[in-house]
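Close look at the chain arrangement
Residue strings, one per chain:
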Amino acid sequence: MNTAPVARHKTALTRVALSRPLATAAADGLLTTGESIFDYGCGKGDDIRHLRALGHEIDGWDPTHRPAAQRRPARVVNLGYVINVIESPRERAETLHSAWSLTEGLLVVSARMTWDARDLVGRPLGDGLVTRTGTFQKFYEQSELARWIEQTLGSQPHAAAPGIFYVFRDDAAAQRFLASRVYTYRPRVTIDPQVQYEANQVVLEPLFAFMRDHARSPRPSELPADAFETIHEAMGSLGRAQRLIRQVTEDSYWDEVTVQRRAELLTYVALSRFGRRPRFSQLDESLGRDIRTLFGTYAEACVQADRLLLACGDQAMLFVNARSSKVGKQTPSALYVHRSAMAEIPPVLQVYEGCARVLAGTVDQANMIKLSVTEPQVSYLTYPDFDRDPHPTLRSAITVNLRKLTVDWRDYSRSENPPLLHRKEEFLGVDDPRRPLYERLTRSEMRAGLYENPERIGTLKGWQATLAAAGVALRGHRLVRS
């Protein structure tokens, strides 16, 4: 039996950009300049170099590459792809505890997923395998990694992305993060060209943005101090500034903002059931004011949110809501929606997708969401050329099964005959500016008879054969004779 020691040091990578966990945290607004960051198991230190170049205060330790560095407390601690290279379960838990003991605000934990092992050759060792290069890898299911973190630390982790979790020290910070993950959509506004507003538009922008995002008036303390003083000096009072904004915008715009903010809050409150739903006193003050303004009480918001959550477990209810959606492409088994239009689907379906995101985190590259209405399953589909290609092909899919609590990945990038999209306008929001261009192409293709045999055109080769048989080709989003 081969008992050669595991070569952990060989797992350290050379990176030309931020690692995925820290890039995710940065995109989520959790890496603030001036707050300390510590990279626990930093490897060759590339993340330290990149973040220092961006002005962050960061240090790190690694048993091989930076063994003399001091392990010191920090506001944010990153444990990036460390636990999956440790062959001892006991040492894994000790490492997680050690990183958590240094964490003052946020711990970022990441590990490799089971789909990463599909093409990997190695020999079994414990609950993982030893690769040809002598390194150990333990691969996790998303739900397995979440359970292990919670059982080891006694604190609830929150999915940031597949294989990446956040653990917060402060309940209010966790709730702010969860609330921020709700997809937001703001209807476009047409402002009357009134002289007074235009003269003060820059000054009023912070107030307008707050009213748009929260669907209520702010308290003076909720605006930046310099913005409040500037508004007060220019307009005489905050109330007068708000009245001016309402005068130069349509009432229907603010009605839409209110409807959307209510939907966002209901989605957030519903999804809080997956952890320990916070008490009202644990909520961020601004978030609590939004809830009270739009629902009267937190208890009423919880009642309405739980009704939505129950509806997500009813396939008939999901089917009815999918069929009533004003956006998205409907098939017998699913509703397909472009990511930009997710906030325009019924709230029940927003919560349904949110349940999948609780398990999987955010799939950054996915720009299409498939909401199954025949089984509890949500898929995140990546079409990287959606805007440029009139019929983009599928590169990858991450599927979340809410009954089995599994997250699976499928790669189409090497497929010779991947699936592709038609009628792109159907996936978009009602007012999306891309719709007219896509609609014109669809009408041209229908006139050319390209959709007469839909069973043949769902994949790249079938579509190419159909184009060739009809004697036509695509030039951008125009159909031409070949």
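Residues numbered from 1 in each chain as written. Predicted model: local features only at pLDDT ≥ 70, side-chain atom pairs only at ≥ 80, totals over all residues. Heavy atoms only, no water.

1. Description of the sheet that holds strand β5 (residues 122-125)
Strand order in this open sheet of three strands is β5-β6-β7, and the pairing throughout is antiparallel. Pairing within the sheet leaves two strands with one partner each, and these edge strands are β5 and β7 (136-137). Two strands pair when backbone bridges link them, and β5 and strand β6 (residues 128-131) are joined in this way by four bridges, in the antiparallel orientation. Considered in β6, the bridge of P124 is made with L129. (Pairing = 2+ DSSP bridges. Helix = DSSP H or I, 4+ residues; strand = E, 2+ residues; numbered from the N terminus.)

2. Quick look at the packing of aromatic side chains
Per the stated rule, a full pass over the model turns up 12 aromatic pairs. A centroid spacing of 5.6 Å and a plane angle of 35° characterise the contact between F168 and F177, whose relative ring orientation is tilted. In terms of burial, F168 and F177 fall into one category: buried. Both rings, one in Y451 and one in W463, keep their centres 6.4 Å apart while their planes meet at 40°; by these two values the pair is tilted. In this pair, Y451 sits in the loop between α15 (435-447) and α16 (460-470) while W463 sits in helix α16, placing the two residues 12 residues apart along the sequence. Counting every residue linked through ring pairs, the aromatic cluster contains Y166, F168 and F177. For K138, the ring lying beneath its charged end belongs to Y140, and the centroid distance is 4.8 Å. A cation sits over an aromatic face here: K424 above F386, 4.9 Å from the ring centre. (Phe/Tyr/Trp six-rings, centres within 6.5 Å; stacked < 30°, edge-to-face > 60°. Buried < 20%, exposed > 50% of the residue type's maximum accessible area, 1.4 Å probe, protein only. Lys NZ or Arg CZ within 6 Å of the ring centre and 35° of its normal.)

3. Description of the packing of helix α7 (residues 201-214) against helix α8 (residues 225-235)
Taken N-terminus to C-terminus, the directions of α7 and α8 make an angle of 125°; their axes are 9 Å apart at the nearest point. It follows that α7 is oblique to α8 by the angle criterion. Relative to α8, the crossing made by α7 is left-handed. Across from V203, L204, P206 and L207 in α7, the residues of α8 making contact are A227, T230, I231, A234 and M235. Classifying every residue of the contact of α7 with α8 by side-chain character gives eight nonpolar, one polar and no charged. (Axes fitted to C-alpha atoms, helices over the stretch in contact; angles between N-to-C directions. Parallel < 35°, antiparallel > 145°, perpendicular 65-115°, else oblique. Left-handed = near helix turned anticlockwise from the far one by under 90°. Contact = heavy atoms within 4.5 Å. Nonpolar A, V, L, I, M, F, W, Y, C, P; charged D, E, K, R; others polar.)

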